[in-house]
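Survey of secondary and tertiary structure
As a plain string of letters, each chain reads:
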Amino acid sequence: GQQLNQSPQSMFIQEGEDVSMNCTSSSIFNTWLWYKQEPGEGPVLLIALYKAGELTSNGRLTAQFGITRKDSFLNISASIPSDVGIYFCAGHSNSGYALNFGKGTSLLVTP
Amino acid sequence: EPEVTQTPSHQVTQMGQEVILRCVPISNHLYFYWYRQILGQKVEFLVSFYNNEISEKSEIFDDQFSVERPDGSNFTLKIRSTKLEDSAMYFCASRKPGLAGDEQFFGPGTRLTVL
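These numbers were taken from a predicted model, which means no experiment stands behind them.

With respect to the overall build of chain B
Along chain B, the regular secondary structure elements total zero helices and eleven strands. Mapped in sequence order, the helices and strands of chain B form the string β-β-β-β-β-β-β-β-β-β-β. Relative to the globule expectation of 13 Å for 115 residues, the C-alpha radius of gyration of chain B, 13 Å, shows essentially globular dimensions. Expressed along its principal axes, the backbone C-alpha trace of chain B runs to roughly 40 × 25 × 25 Å. Burial statistics for chain B: of 115 residues in total, 43% are counted as buried.

Right, here's the structure in full:
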């Protein structure tokens, strides 16, 4: 399947800081989804992107779908301790909608 | 808010035994999925299911795996003869129909431990 490369692999920040992470692919995706996973839980959908160039917000989260459909970024503003978790990008490029996931960005936030 | 549920939360089994993992998707969703996540690794697609048949499957989903929707609410994953390497978190997901229906909602997972 298509490879999704997420960076950075991990981030260690202080509460109140802004965070930016991104995801790139060697091939075009129809849809990009950003999920958050906490220990022992399933991935929780944060934001879904469908159109090239689309910029979407969900509270303190903002994500954009790259113009080339090969990349996406997720920003978190004014981070808080409950933002801790692993953030995955996922996408699909075929009609079956099977999601390819990136390896995740692990976020740690200190008070 | 409706959510995907999975049982059991943790399953321990002996190598070679059969296991059935159960999922109740969100009620108005029509597309169902199983994914797995080996500890510390990324989430991997196993199989998708629509209209009572498999619509897509990955290389991981070999003859040892099967899926079934035995009634109007449950969606199950069966592993016939478990191997040590089947130890992982197994996530069920569901998606509603429609043009903007790419959003897959995941359950909390079943942790499978094969001894």
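Quick word on the sheet that holds strand β3 (residues 19–24) of chain B
All names here are of chain B. Pairing is antiparallel in the open sheet, where four strands are placed in the order β1-β3-β8-β7. Each of the sheet's edge strands pairs with one partner strand only, and the pair in question is β1 (5–7) and β7 (65–68). For this sheet, the mean inter-axis angle between neighbouring strands, taken without regard to orientation, is 20°. Sheet topology places β7 next to strand β8 (residues 75–79); four bridges connect them, and they run antiparallel. Among the inter-strand pairings, Val67 is bridged to a residue of β8, identified as Leu77.

Here we look at the pairing of strand β8 (residues 71–76) of chain A
Along any regular strand, the residues point their side chains to alternate faces of the sheet. Residues and elements named next belong to chain A. Judged by which residues are buried, β8 turns out to be one-sided: Ser72, Leu74 and Ile76 face inward and are buried, whereas Asp71, Phe73 and Asn75, on the alternate face, are not. As defined by bridge partners, strand β3 (residues 19–25) adjoins β8 across six bridges and the pair is classed as antiparallel. Following the sheet pairing, Met21 is matched in β8 by Leu74. Alignment of strand β7 (residues 61–65) against β8, held across five bridges, turns out to be antiparallel. Pairing of Thr62 across the sheet is with Asn75, part of β8. Between β7 and β8, which follow one another and run antiparallel, lie five residues, and Arg69 among them has a positive phi close to 65°.

Regarding the interface of chain A and chain B
Opposite the 22 residues of chain A that make contact, chain B presents 19 residues. Buried area between chain A and chain B, summed over both chains or domains, comes out near 1,700 Å², and the portion from carbon and sulfur atoms is 54%. Among the residues of chain A in contact with chain B, Tyr50, Tyr97 and Phe101 of chain A are the three that bury the most area, contributing 31% of the side total. Inspection of the chain A/chain B interface yields zero salt bridges. Counting residues per element, the ones that place at least two in the side of chain A that touches chain B are β4 (31–37), β5 (44–49) and β9 (85–92) of chain A. Counting residues per element, the side of chain A that touches chain B draws most heavily on β4 of chain A, which supplies four residues.

Focus: the packing of aromatic side chains
Evaluation of the coordinates by the stated rule reveals 16 aromatic pairs over all chains. Between Phe101 of chain A and Phe106 of chain B the ring centres are 5.9 Å apart and the planes differ by 85°, which places this aromatic pair in the edge-to-face class. Of the two residues, Phe101 of chain A sits in strand β10 (residues 100–101) while Phe106 of chain B sits in strand β10 (residues 105–106), which places them in two different chains. For Phe101 of chain A, a relative accessible area of 1% gives the class buried. The exposure class assigned to Phe106 of chain B is buried, which follows from its relative accessible area of 10%. When the ring of Phe49 of chain B is compared with that of Phe75 of chain B, the centres are 5.3 Å apart and the planes differ by 40°; the resulting orientation is tilted. Here Phe75 of chain B lies in strand β8 and Phe49 of chain B lies in strand β5 (residues 44–50), a separation of 26 residues in the sequence. Considered together, Phe49 of chain B and Phe75 of chain B belong to a single accessibility category, that of buried residues. Cation over ring: Arg95 of chain B sits above Tyr31 of chain B, and NZ or CZ is 3.9 Å from the ring centre.

Conventions adopted
Residues numbered from 1 in each chain as written. Chains lettered and ligands numbered in written order. Predicted model: local features only at pLDDT ≥ 70, side-chain atom pairs only at ≥ 80, totals over all residues. Heavy atoms only, no water. Helix = DSSP H or I, 4+ residues; strand = E, 2+ residues; numbered from the N terminus. Rg over C-alpha atoms; globule rule 2.2 N^0.38 Å. Buried < 20%, exposed > 50% of the residue type's maximum accessible area, 1.4 Å probe, protein only. Pairing = 2+ DSSP bridges. Axes fitted to C-alpha atoms, helices over the stretch in contact; angles between N-to-C directions. Contact = heavy atoms within 4.5 Å. Buried area = accessible area lost by both parts, 1.4 Å probe. Salt bridge = Lys/Arg side-chain N within 4 Å of Asp/Glu carboxyl O. Phe/Tyr/Trp six-rings, centres within 6.5 Å; stacked < 30°, edge-to-face > 60°. Lys NZ or Arg CZ within 6 Å of the ring centre and 35° of its normal.

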